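Residue strings, one per chain:
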Amino acid sequence: MAKSTTPDDIDDSSAPLIEHLAELRNRIIKSLVAFVIAMLLCFMVWNPIFNFLTQPLCDALESQGQACNLVLIQLQEGFFVAVNIAMLGGFVLAFPVIAFQLWRFVAPGLYKTEKNAFLPFLVASPLMFFLGASFAYYVIMPMGYTFFLGFQQFGMDGAGPVTTAPDAIADPQGAIESLQRAGIAFQGSVNEYLSLTTKFIIAFGLCFQLPVLLTLMGKAGLISADALRRGRKWAVVGILTLAAVATPPDVISQIVLFCVVYMLYEISVILVTRVEKKRNAALMAEGLLDPEDLE
């Protein structure tokens, strides 16, 4: 005969869910507090952060003999640029606290072996993102911005973009000659530049998560090293497409990105192979796997 459920039984069974929701709320509040504090700190020093982010562009402009100047298209644009920089920097500073709060919420529901398996990925993920962001900042962005600035059109003397100088106004014949070749000068928007730079950093940071993601999927049994080997040709097509979309349309930067991401793919194959060997060895030691099944 089925046991009847009383209202008290229902309340008792729902208590753990309420406790989990309360725990989740506390973790979210602590993460938000850390983010707000970090964002306020970054807002106080947003100028040095902005100078750091504009360094690749300034180097590219200086190599062409131009001043590094960005313009404000809208009156309030400068304030929102400072806020966006503060939010980006605040998330970076607060990420260790956010990751720790996430781990404290998830860890009690994991076995000891699961904690030992998951913790390395939690540490490796931000490290790989930092490597990807650094690769974008120090390698891809200088090449990309130099490529984009190459579409400027300089004046008749080749010294710089055509401008309406006072001496040109005084000399109508010189003004007519200068207008025979219209100049195209870079006058970038602060907000647009910050948006483009942020996209570069985030895109390459996510690309460098490939070994972490594939290794974690291999450890969970969702993908095998053999499947990765057989899918190399599709990986090459996907990486080439990514290189064409995420980088400027110059061959050098696309080749660099392709080589790096494909190297990460091959590293993922090696890592998944090692994970499979360890898992199979553990299963054979427990008598749950026949060695003949691996042949």
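If you look the protein up in an unreviewed UniProt entry, it shows as Sec-independent protein translocase protein TatC from Pararhodobacter zhoushanensis. Recorded under Sequence similarities (unreviewed entry), the UniProt text for the protein is reproduced unchanged: "Belongs to the TatC family." Regarding the protein, the UniProt comment filed under Function (unreviewed entry) reads as follows: "Part of the twin-arginine translocation (Tat) system that transports large folded proteins containing a characteristic twin-arginine motif in their signal peptide across membranes. Together with TatB, TatC is part of a receptor directly interacting with Tat signal peptides."

Asker: Looking at this structure, I do not really get the side chain of T54. What am I missing?
Answerer: By the element assignment, T54 lies in the loop between α2 (46-53) and α3 (55-63). T54 sits in the buried class, given a relative accessible area of 5%. Those residues in contact with T54, other than ones at most four positions away along the chain, are L70 and Y193.

Asker: Would you mind going over a nonpolar patch on the surface with me for this structure?
Answerer: Side chains of I29, V33, I37, L41, M44 and V45 sit close together on the surface and give an oily, nonpolar patch of about 570 Å² of accessible area. By secondary structure assignment, the location of L41 is in helix α1 (residues 7-44). L41 gets classed as partly exposed once you look at its relative accessible area, which sits at 48%.

Asker: Just checking my understanding: could you explain the pattern of salt bridges for this structure?
Answerer: Close approach of charged atoms allows side chains with opposite charge to pair. Applying the stated criterion to the full structure yields three salt bridges. R27 serves as the salt-bridge partner of E23, at 2.7 Å between the closest nitrogen and oxygen. Placement of the pair is E23 and R27 together in helix α1, with a separation of four residues, close to one helical turn. Overall, the relative accessible area of 27% leaves E23 in the partly exposed class.

So, how was this worked out
Residues numbered from 1 in each chain as written. Predicted model: local features only at pLDDT ≥ 70, side-chain atom pairs only at ≥ 80, totals over all residues. Heavy atoms only, no water. UniProt positions renumbered as here; feature names shortened; annotations may be inferred. Helix = DSSP H or I, 4+ residues; strand = E, 2+ residues; numbered from the N terminus. Buried < 20%, exposed > 50% of the residue type's maximum accessible area, 1.4 Å probe, protein only. Contact = heavy atoms within 4.5 Å. Patch = residues over 30% accessible without salt bridge, like charges linked within 9 Å, V, L, I, M, F, W, Y side chains within 5 Å. Areas by Shrake-Rupley, 256 points an atom, 1.4 Å probe, with all protein chains shown as cover. Salt bridge = Lys/Arg side-chain N within 4 Å of Asp/Glu carboxyl O.

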